[in-house]
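Residues per chain, in single letters:
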Amino acid sequence: MSRYTGIIEAYRNRLPLDLEARAISLGEGRTPLIRLENLPRLESVEADIYVKFEGVNPTGSFKDRGMTVAVTQAVHEGSRAIICASTGNTSAAAAAYAARAGIKAFVLIPEGKIALGKLAQAIVHGATVVQIRGNFDDGMRLVKEVAQTAPVAIVNSINPYRLQGQKTAAFEIVEALGRAPDFHCLPVGNAGNITAHWIGYSECAGLESGACAHFPDSWDFSGFGTQRKRPRMVGYQAAGSAPFLRGGPVHNPETVATAIRIGNPQSWDLAWKVHEESHGWFDELEDAEILATQRLLAEREGVFCEPASASSLAGALRDLKQGKIPAGSTVVCTLTGNGMKDPDVILKNGLTGLVEVDAERGAVERALLERL
Ligand code: F0G
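This section reports on the structure supplied with the text. Values in this document were obtained by computation on a predicted structure and should not be read as measured data.

## Quick word on the site of the ligand
Part 1: Taken together, the neighbourhood of the ligand is formed by 20 residues, with Ser 86, Asn 190, Ala 191, Asn 193 and Thr 336 sitting nearest.
Part 2: In the model, a nitrogen atom of the ligand is placed 2.9 Å from a nitrogen or oxygen of the Lys 63 side chain.
Part 3: In the model, an oxygen atom of the ligand is placed 2.7 Å from a nitrogen or oxygen of the Ala 191 main chain.
Part 4: Surface burial for the ligand is 99%, taken as the share of its 470 Å² of free accessible area covered by protein chains.
Part 5: Given that more than half its atoms are within 2 Å of the pocket grid, the ligand belongs to the largest cavity.
Part 6: Only helix H4 (89–101) and helix H9 (192–204) provide two or more residues apiece to the shell around the ligand.

Next up, the structure:
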């Protein structure tokens, strides 16, 4: 067996990169597709639910798939610096891949609203972190303005190479299941990832999509079989930050799921196409529902994702209970990021399960026996 070296080498013939481009990779991708064993029974839903755990990527989120391709292309084109606005995960990935490539990273983050682990990642990888007195949408606007004159490549998902990398998650799902699922549920913030998945599923099915910018004849789609099925794409937003539900930008987005605290999604048009082409829908979740599902998944399945990620499963469970997703469906939920990035959100609710005893055998035994 050869050593796995990331999505560029795995899918080079389906990515719009020069063959000579040196891959800037950290071995991202090949993330587990975990079948839920306890939650469906516990929640009385009848479905095959899988979670695609993107939190085990090298920097702990799905952003690595897009960043490896975007940074590879930027370096190939001669860029010496990259820039992004971020709610945290993009900045962590940009910082890490820039470090790997030996170029500079500049990241704009919203003041006080980014999970501590993500901030630590950007710092440790040596990025210049610019904390702005504003939110993600302000940061996005500023990045676009600054990049007009400064010699920096934007690596937000408005960079099409990002979506091209992120589409590989759909490839892996089709390979693992032997077909596309009936429903694919994702959290939606800037709306790049739902678009990227749709591009990936469309390519697997050999079908064109209005959301797909690149579709060269030369690409090799063999290996995915010939079935034409694509899933219905379902996007979930946090209620305080749900522009797709409001029908337009939200000016002061708020949610505990800081990763998707975005009021003006950059891939709005593409995500609407996905919604129409796939006959899917958008829905919203209260912060309390998101956090309850994050807990449930951690306690009952052993999977610790960050709050934004849990919205995909929270929404899928609700839609299954309401019959919007029919019983017997095969459902994939993307868990976009690792829960360890945001310990505060867990610890804020108290140290449940923590028992303090004297350093003595009897006390420890009693603590155990009372709880067995
Ligand atoms: N889940 C997590 C954990 C994220 O970090 C993001 C986006 C999303 C979901 C939404 O994905 O934007 O493609 O719709 N995070 C970006 C960032 C905005 O800056 O890290 P999307």
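## Quick word on H9
Part 1: Taking 1.5 Å per residue, 13 residues should reach 18 Å; H9 reaches 19 Å between its end C-alpha atoms and fits that length.
Part 2: In terms of burial, H9 is largely enclosed, as 13 of its 13 residues are buried.
Part 3: Positive phi shows up at Gly 206, right after H9, with a value of about 65 degrees.

## So, the layout of surface pockets
Part 1: In this model, the largest pocket occupies a volume close to 160 Å³.
Part 2: Every residue lining the largest pocket is listed: Gly 112, Lys 113, Ile 114, Ala 115, Leu 116, Thr 255, Val 256, Thr 258, Asp 342, Asp 344, Val 345 and Lys 348.
Part 3: For the lining of the largest pocket, a count of residues per class yields five nonpolar, three polar and four charged.

## Considering the packing of aromatic side chains
Aromatic ring pairs: the centre-centre distance and the angle between the two ring planes describe each pair.
Part 1: Here the structure, examined in full by the defined rule, presents seven aromatic pairs.
Part 2: Geometrically, the ring pair formed by Tyr 11 and Phe 171 is edge-to-face, given 5.2 Å between the ring centres and 65 degrees between the ring planes. Of this pair, Tyr 11 sits in the loop between helix H1 (7–10) and strand E1 (33–35) while Phe 171 sits in helix H8 (residues 168–177), and the two are 160 residues apart along the sequence. Both residues of the pair, Tyr 11 and Phe 171, count as buried.
Part 3: Each ring, one from Phe 244 and one from Trp 268, has its centre 4.4 Å from the other, and the planes form 10 degrees; the classification is stacked. Taken as a pair, Phe 244 in helix H10 (residues 243–246) and Trp 268 in helix H11 (residues 268–278) lie far apart in primary sequence, 24 residues in all.
Part 4: Following the ring pairs from residue to residue traces out a cluster consisting of Phe 244, Trp 268, Trp 272 and Phe 282.
Part 5: Between the NZ or CZ atom of Arg 14 and the centre of the ring of Phe 171, over which it lies, the distance is 5.8 Å.

## Some thoughts on the environment of Gly 235
Part 1: With respect to the helices and strands, the residue Gly 235 is situated in strand E8 (residues 232–238).
Part 2: The exposure class assigned to Gly 235 is buried, which follows from its relative accessible area of 0%.
Part 3: Along the primary structure Gly 235 and Gly 247 are separated by twelve residues, whereas in three dimensions their C-alpha atoms are 14 Å apart.
Part 4: Ignoring sequence-local partners within four residues, the contact set of Gly 235 consists of Leu 186, Val 188, Ile 194, Trp 281, Phe 282 and Asp 283.

## A word on the pattern of salt bridges
Part 1: This structure, assessed with the given rule, holds 21 salt bridges.
Part 2: A salt bridge links Arg 12 to Glu 9; the shortest N-O distance between them is 2.9 Å.
Part 3: For Arg 12, a relative accessible area of 16% puts it in the buried group.
Part 4: Between Lys 229 and Asp 182 there is a salt bridge; the shortest N-O distance is 2.9 Å. Here Lys 229 is found in the loop between H9 and E8, whereas its partner Asp 182 is found in the loop between H8 and strand E7 (183–187), with 47 residues between them in sequence.
Part 5: Overall, Lys 229 belongs to the partly exposed group, its relative accessible area being 29%.

## A short note on the environment of Ala 23
Part 1: Mapping Ala 23 onto the fold places it in the loop between H1 and E1.
Part 2: The class for Ala 23 is partly exposed, based on a relative accessible area of 26%.
Part 3: Along the chain, Ala 23 and Gln 166 lie 143 residues apart, while their C-alpha atoms are 15 Å from each other.
Part 4: Excluding its chain neighbours within four sequence positions, the residues that come into contact with Ala 23 are Ile 8, Glu 9, Arg 12 and Thr 72.

## Here's the deal with empty space enclosed by the protein
Part 1: Applying the stated criterion to the full structure yields two cavities of 30 Å³ or more.
Part 2: Estimates place the volume of the largest cavity at around 330 Å³.
Part 3: Lining the largest cavity are 28 residues, and of these Phe 62, Lys 63, Asn 190, Ala 259 and Ile 260 sit closest to its centre.
Part 4: Listing elements by their share of the lining of the largest cavity, those giving two or more residues are H4, helix H7 (160–166) and H9.
Part 5: It is H9 that contributes the most residues to the lining of the largest cavity, three residues altogether.

## A few points about the pairing of E8
Part 1: Counted residue by residue, E8 has six buried out of seven residues, so it is predominantly covered.
Part 2: In the sheet, E8 pairs with strand E9 (residues 281–285) via five bridges, with the strands oriented parallel. Residue Ala 238 lies in a different strand from E9, and its bridge partner there is Leu 285.

Calculation criteria
- Residues numbered from 1 in each chain as written.
- Predicted model: local features only at pLDDT ≥ 70, side-chain atom pairs only at ≥ 80, totals over all residues.
- Heavy atoms only, no water.
- Near = heavy atom within 4 Å.
- Polar contact = N/O pair within 3.5 Å; in protein donor to acceptor, adjacent residues only side chain to side chain.
- Areas by Shrake-Rupley, 256 points an atom, 1.4 Å probe, with all protein chains shown as cover.
- 1 Å grid on protein atoms, 1.4 Å probe; cavity = no way out; pocket = protein on both sides within 12 Å on 5 of 7 lines; lining within 4 Å.
- Sits in = over half its atoms within 2 Å of the grid points.
- Helix = DSSP H or I, 4+ residues; strand = E, 2+ residues; numbered from the N terminus.
- Expected span 1.5 Å × (residues − 1).
- Buried < 20%, exposed > 50% of the residue type's maximum accessible area, 1.4 Å probe, protein only.
- Points joined across faces, edges and corners; volume = space filled by probe spheres on them.
- Nonpolar A, V, L, I, M, F, W, Y, C, P; charged D, E, K, R; others polar.
- Phe/Tyr/Trp six-rings, centres within 6.5 Å; stacked < 30°, edge-to-face > 60°.
- Lys NZ or Arg CZ within 6 Å of the ring centre and 35° of its normal.
- Contact = heavy atoms within 4.5 Å.
- Salt bridge = Lys/Arg side-chain N within 4 Å of Asp/Glu carboxyl O.
- Pairing = 2+ DSSP bridges.

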